[in-house]
Amino acid sequence: MSLERVRIQPEDFSLDEEWRRMRAGLGGGTGAVAAFIGLVRDLGGDGSSSLELEHYPGMTEASIEAIVARAEERWELSGALVIHRVGRLRPEDQIVLVLCASRHRAEAFSACEFIMDFLKTDAVFWKKETGPDGSRWVESTRQDFDRAAGWRQRREAGKPPQA
């Protein structure tokens, strides 16, 4: 696949622009594009919280490329894109976009979910939340690791982990 697959950037992204860019590069055999957009949560409910993301250029992109490559091994994708923002983000800001295109919707949905689940555990980022109770570094949760393990255990293509 020759389409761009991974971008790390401080700037916001436009779903409409990214959708059009992907759509222009897809062939007639594509029947579905699934999308996921992650947003920054407001920890205190008053809009004063923030999330700061740091990354290691080159290493972060490589870690996400590896996740996308694993999705392509599992599902027949005609396109995949991950845009992840870095820097200081505020509540309701967009933080991540995942687009997955395939011949059928089940593959597009499953690949999108798979990529998001592994972004939570395998992508190289450092995250610091600041809220009403101060700042703390954020680590992957037990639930994040359980979801990733579910994908590893269920090797049959297209079957999501049990929630």
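Preceding block: the structure.
What counts, and at which threshold
- Residues numbered from 1 in each chain as written.
- Predicted model: local features only at pLDDT ≥ 70, side-chain atom pairs only at ≥ 80, totals over all residues.
- Heavy atoms only, no water.
- Axes fitted to C-alpha atoms, helices over the stretch in contact; angles between N-to-C directions.
- Helix = DSSP H or I, 4+ residues; strand = E, 2+ residues; numbered from the N terminus.
- Parallel < 35°, antiparallel > 145°, perpendicular 65-115°, else oblique.
- Left-handed = near helix turned anticlockwise from the far one by under 90°.
- Contact = heavy atoms within 4.5 Å.
- Nonpolar A, V, L, I, M, F, W, Y, C, P; charged D, E, K, R; others polar.
- Core = buried A, V, L, I, M, F, W, Y, C linked by side-chain atoms within 4.5 Å.
- Buried < 20%, exposed > 50% of the residue type's maximum accessible area, 1.4 Å probe, protein only.
- Pairing = 2+ DSSP bridges.
- Salt bridge = Lys/Arg side-chain N within 4 Å of Asp/Glu carboxyl O.

Thoughts on the packing of helix α3 (residues 105-122) against helix α4 (residues 142-153)
Alright, step 1. Orientation of α3 relative to α4, taken along the N-to-C sense of each, is 130 degrees, at an axis distance of 9 Å. As summarised for this structure, α3 and α4 are arranged oblique, according to the angle between their axes. Seen from above, α3 lies across α4 with left-handed handedness. Two secondary-structure elements touch here, α3 through S110, E113, F114, D117, F118, K120, T121 and D122 and α4 through D144, F145, R147, A148, W151 and R152.
Alright, step 2. Residues of the contact of α3 with α4, tallied by class, amount to five nonpolar, two polar and seven charged.

Some remarks on the nonpolar core
Alright, step 1. Core analysis: the largest hydrophobic core is formed by 33 residues, its most contacted members being I64, V82, V98, I115 and L119.
Alright, step 2. Those elements that provide at least two residues to this core are β1 (6-9), β2 (32-39), β3 (50-55), α2 (59-74), β4 (77-85), β6 (94-102), α3 and α4.
Alright, step 3. Top contributing element to this core by residue count: α3, with eight residues.
Alright, step 4. Each residue touching I64, except ones within four places of it in the same chain, is listed here: V6, I8, V82, L119, A123 and F125.
Alright, step 5. One finds L26, L81, I83 and A101 within the second-largest nonpolar core, a separate group that totals eight residues.

Considerations on the environment of V138
Alright, step 1. Assignment of secondary structure puts V138 in strand β8 (residues 134-138).
Alright, step 2. By relative accessible area, V138 is classed as partly exposed at 25%.
Alright, step 3. C-alpha of V138 to C-alpha of W126: the two residues are 12 residues apart in sequence and 7.5 Å apart in space.
Alright, step 4. Contact partners of V138, with chain neighbours within four places excluded, come to K127 and E129.

Focus on the sheet that holds β4
Alright, step 1. In space, the four strands of this open sheet follow the order β1-β4-β6-β2, with mixed pairing throughout. One side of each edge strand has no neighbouring strand; the edge strands of this open sheet are β1 and β2. Averaged over neighbouring strand pairs, the angle between their axes works out to 10 degrees when direction is ignored.
Alright, step 2. Across seven bridges, β4 lies against β6 in antiparallel orientation. The residue of β6 that forms the bridge with L81 is L99.
Alright, step 3. Against the sheet, helix α1 (residues 15-25) contacts β1, β2, β4 and β6, and its axis sits at roughly 25 degrees relative to β6.
Alright, step 4. The strands that α2 touches are β1 and β4; relative to β1, the one it contacts most, it runs at about 150 degrees.

So, the environment of G29
Alright, step 1. Its place among the elements puts G29 in the loop between α1 and β2.
Alright, step 2. The partly exposed category is assigned to G29, whose relative accessible area is 38%.
Alright, step 3. Measuring from C-alpha to C-alpha, the distance between G29 and S78 comes to 8.3 Å, with 49 residues separating the pair along the chain.

Digging into the pattern of salt bridges
Alright, step 1. Counted by the stated rule, this structure contains 13 salt bridges.
Alright, step 2. Across the pair R85 and D12 runs a salt bridge, and its minimum N-O distance is 3.6 Å. Pair noted here: R85 is in strand β4 and D12 is in the loop between β1 and α1, with a separation of 73 residues, a long-range link.
Alright, step 3. A salt bridge links D117 to R147, with the shortest nitrogen-to-oxygen separation between them at 3.0 Å. Of this pair, D117 sits in helix α3 while R147 sits in helix α4; the two residues are 30 residues apart in sequence, bridging distant segments of the chain. R147 carries the same exposure label as D117, and that label is buried.
Alright, step 4. Within the structure, one salt-bridge network assembled from shared partners comprises R5, E65 and E72.

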